[in-house]
Amino acid sequence: MAERFVTPKTSLRDAINNAAGPIALSNRVLLQFAPLSFALFIGSSPTRLSGSILEWFIVATVGYLATVIVLLAFRATVLPVTPGRKPKLLLTSLAYVVAGLARGLSVYTTGAALGVMPEAELWYRLVGGPLYVYGSIAILAIFNASRMRHEKTLAELEAEKAELDELRGGIRERIRLQRADLLRRVQVALEPAVKQIQSELESSSKTVSAKLTDLVETVVRPLSRDIGLNSQIDNQVNQITRRASGAYSKSRFPSRLSAGAMIVPEIAFFGTASIAIASNVITFPDAVLLTSVVSLLVILASYKFFQFILKNVWVPFVVALLISMLIAAVCGVMANTALALLGFGLNPTLYIQSISAQVVITLVSFYMQFLRTQRSDAEREMKNVVSDLAIMNSQLRQEVWLNRRRIASILHGSVQSALYASAIRLAKSQSPSAEEIESVQSDISAAINKLESGEGTENFVDVLEQIRDVWEGAVEVELPQLSKELVAQLEANPVASACAAEVVREAVSNAAKHGKAEHVVIAIEPTGPHLLGITVTNDGQPLPAEIEAGYGSSILDEVAFSWQLENRGGYTVLGAAIAI
């Protein structure tokens, strides 16, 4: 089944703000107003009144210029088109009315001079001018604001998508460079000293022992602490991940639309009012109020009715367009029928013009809704991509942290232990045997090789049991029952597994040391397709009102996608999400 594209609901407040915003008097809107302005005169006046097309073209030109000159005057003084300007509803409405009056008066004067404008047209032009200008310019402003937001979204889409692609392409390479950088720093610091010590193994064992001890104290231990801190590459990675704060996907053509969502009764009502009221002034001069109210209420009610019954009807784009045009014609017929039943029938020419006006208004609103649907889809895709990017950034932080931790741990553990053990063994022997020398050389080489192999990944289930065993007798740690699927998922992702273990280790340790807890309960379960939720609850002392962030918080910031520590129902609860 084809994908359904949801059209967001129309906001009346946004529409009003757009009609009174800086876009309303922009060059784009004023130019788009030209064909509408000319079409109204040339399409209806020659058939209703006398005169040639050329004469009415002159009248239309004067009317358009008069309208634009007034609006430009307002734009140059009190309604600038500065981007970001706040909507000014009263001033903008005043501009529309004054421009409409200027339009009506200039049209009447020009038409009278050419002999095509009867005196009875004066009130029609003075009433119709402001209404038509207000309705047309406002709808064009709403339309263009929607279109410009769409274009802005697409422009941001392209830029952010390119940045996301660059990040995705370089992320693994940067991890590799970071690891190579860490190993290079270790090897540069250790290899010369180790080689020198190995070359002196057959000389004084006391001297070699002292040098081994000194190597541990002056090189290995400081280096393990230094590697545990951020490197320059880490900072580059973090900078890039912050820059990639949003991403979009290309705008798609909607395959299936809600027929009801493409109908906007408010715009139909507003557009009809800008035309019908003025038309009623001359067509039904003795019943302007009655005919206007009836026709507008029927238009609003009929559009609302069709919008409601068609909101769950999902059809292809072309079908939705045809349905909208058909509904416009039907609603126009219903409004004219209601007037006819009251004794206010239209002649065939006005009847067709009223139906055509409804179709045009509906096409404009349909296109606006179409753009809003596309933009909504692009924004929805953007949110999905941003979510994926956030997960990826978290995984990146995990891997950066684990690389440092792994090498620092091996330095602090295996290498340091091997050197210390070798130093102690050599210190006990005045004249080491060949086997002892070979054993020392083997231990040192194995420790160094372990740095390059990257060993040190632990089984997650084993780590949980180790945590429980370490605190046995001091704190009762209750482990979760993990499903086979979750265990397999953790085993397949050693980085996430190590980070999850670190969160649990840190939470249990803090509960015991700072909270004086006696009982800790660990819960682990998937909270999304790419997130693992960890909850560690303890019965220790409640958290103080203000908590000072420490080293443990910085670890959680690195390894967790998100985390929070809070008092809940008499317990202290650490909740964390791990990207997996």
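Residues numbered from 1 in each chain as written. Predicted model: local features only at pLDDT ≥ 70, side-chain atom pairs only at ≥ 80, totals over all residues. Heavy atoms only, no water.

Draft legend 1. Highlighting the sheet that holds strand S1 (residues 4–5). As summarised here, the arrangement of the 3 strands in space is S1-S2-S3, forming an open sheet in which the pairing is mixed. Of all strands in the sheet, those bounded by a partner on one side alone are S1 and strand S3 (314–316). As judged from the 2 bridges shared by S1 and strand S2 (residues 256–258), these two strands associate in the parallel manner. Residue pairing for S2: Phe-5 is matched across the bridge by Leu-257. Contacts from helix H10 (residues 317–341) reach S2 and S3 within the one sheet, and its direction differs from that of S3 by about 105°. (Pairing = 2+ DSSP bridges. Helix = DSSP H or I, 4+ residues; strand = E, 2+ residues; numbered from the N terminus. Contact = heavy atoms within 4.5 Å. Axes fitted to C-alpha atoms, helices over the stretch in contact; angles between N-to-C directions.)

Draft legend 2. Here's a closer look at the pattern of salt bridges. Inspection of every chain in the model, using the stated rule, returns 5 salt bridges. Put simply, Glu-121 and Arg-125 hold a salt bridge, and the shortest N to O gap is 3.1 Å. On the criterion of helical spacing, the pair formed by Glu-121 and Arg-125 is a turn pair, its members being 4 residues apart in helix H5 (residues 121–199). Neither Glu-121 nor Arg-125 differs from the other in exposure class; each is buried. Taking the shortest distance from any N to any O, the salt bridge between Glu-566 and Arg-568 comes out at 2.5 Å. The exposure class assigned to Glu-566 is partly exposed, which follows from its relative accessible area of 31%. For Arg-568, a relative accessible area of 44% puts it in the partly exposed group. (Salt bridge = Lys/Arg side-chain N within 4 Å of Asp/Glu carboxyl O. Buried < 20%, exposed > 50% of the residue type's maximum accessible area, 1.4 Å probe, protein only.)

Draft legend 3. Quick peek at the sheet that holds strand S8 (residues 571–579). Read across the open sheet, the 5 strands follow the order S4-S5-S6-S8-S7; overall the sheet is mixed. Bordering the open sheet on either side are strand S4 (476–478) and strand S7 (562–568), each of which pairs with just one other strand. Sheet twist, expressed as the mean angle between neighbouring strand axes with direction ignored, is 15°. Bridge analysis of S4 against strand S5 (residues 519–528) gives 3 bridges, and the strand direction is parallel. Bridging from a neighbouring strand, Val-477 pairs with Val-520 of S5. Sheet strands touched by helix H15 (residues 494–513): S4, S5, strand S6 (531–538) and S8. Its angle to S8, the strand with the most contacts, is close to 165°.

Draft legend 4. Main features of the pairing of S6. S6 sits mainly inside the fold: 6 of its 8 residues count as buried. Taking the residues that link successive antiparallel strands as the turn, the S5-S6 hairpin has 2 residues. Relative to S8, S6 is paired through 8 bridges, and the arrangement is antiparallel. Counted as the bridge partner of Val-536 is Leu-574 from S8.

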